[in-house]
Amino acid sequence: MLRFLNAALMVLSVLIWAERSPAAEVLPSEPGIESTIRSQIDAFLIDDFATAFTFASPNIKSLFGSSERFGQMVRNGYPMVWRPGEVRFLELRDIDGALWQKVMIRDQAGEFHMLDYQMIEGPEGWQINGVQILRRPDVGA
């Protein structure tokens, strides 16, 4: 099970900070996207993994197979999402036809994390197709 979770985390979390493409287009905010992400985080806050799983895309649902596995992956790999202190929505970008919502999360210890949510629109509305933890840039003295 641990090997599965580690593999899933690797698939979902590519550690990058810089923009993926110079062709990224910043878009106006999309309330439906922000609402989907916030609703999933709200479900995590009360350990309602079944509801949190409903905001995942079909690809994510097939990767994990159950809300229990999905919840375990989030608790272990994305603790800042499972128990955030503060959530702030930044820019929405179109990168090569894919929509990416950048989100800054302050965890319970006060540390800041940047995440990128890939969003797709399905018949039921916006769905989360993956989350990447963005690496902090190296800062020299």
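Residues numbered from 1 in each chain as written. Predicted model: local features only at pLDDT ≥ 70, side-chain atom pairs only at ≥ 80, totals over all residues. Heavy atoms only, no water.

### What to know about helix H5 (residues 67-77)
Then comes step 1: Every buried residue of H5 is listed here: Ser67, Phe70, Gly71, Met73, Val74 and Gly77. Buried residues along H5 cover an arc of 160° about the axis, so they all sit on one side. Of the exposed residues in H5, the ones pointing more than 90 degrees away from its buried face are Glu68 and Asn76. (Buried < 20%, exposed > 50% of the residue type's maximum accessible area, 1.4 Å probe, protein only. Helix = DSSP H or I, 4+ residues; strand = E, 2+ residues; numbered from the N terminus. Arc of directions from axis to C-beta.)

### Quick word on empty space enclosed by the protein
To find leftover empty space, a probe the size of one water molecule is rolled over the atoms.
Then comes step 1: Taken as a whole and assessed by the stated rule, the structure comprises one cavity of 30 Å³ or more.
Then comes step 2: Put simply, the largest cavity is a space of about 140 Å³.
Then comes step 3: What lines the largest cavity is a set of 15 residues, among which Gln40, Phe70, Met73, Val74 and Val131 lie closest to the centre.
Then comes step 4: For the lining of the largest cavity, the elements supplying multiple residues, two or more each, are helix H2 (31-45), H5 and strand S5 (125-134).
Then comes step 5: Residue composition of the lining of the largest cavity, by class: 12 nonpolar, three polar and no charged. (1 Å grid on protein atoms, 1.4 Å probe; cavity = no way out; pocket = protein on both sides within 12 Å on 5 of 7 lines; lining within 4 Å. Points joined across faces, edges and corners; volume = space filled by probe spheres on them. Nonpolar A, V, L, I, M, F, W, Y, C, P; charged D, E, K, R; others polar.)

### Overview of the pattern of salt bridges
Then comes step 1: One pass over the full model with this rule turns up five salt bridges.
Then comes step 2: The residue Arg83 makes a salt bridge to Asp47 at a minimum N-O spacing of 3.0 Å. You can see Arg83 sitting in the loop between helix H6 (79-82) and strand S2 (84-95) and its partner Asp47 sitting in the loop between H2 and helix H3 (49-54), a full 36 residues away along the chain.
Then comes step 3: Taking relative accessible area as the criterion, Arg83 reaches 24% and is therefore assigned partly exposed.
Then comes step 4: Across the pair Asp116 and Arg93 runs a salt bridge, and its minimum N-O distance is 2.6 Å. Of the two residues, Asp116 is situated in strand S4 (residues 112-122) and Arg93 in strand S2; the sequence distance between them amounts to 23 residues. As far as the burial class goes, Asp116 and Arg93 line up, both buried.
Then comes step 5: A single network of salt bridges, built from pairs that share partners, joins Glu86, Arg88 and Arg106. (Salt bridge = Lys/Arg side-chain N within 4 Å of Asp/Glu carboxyl O.)

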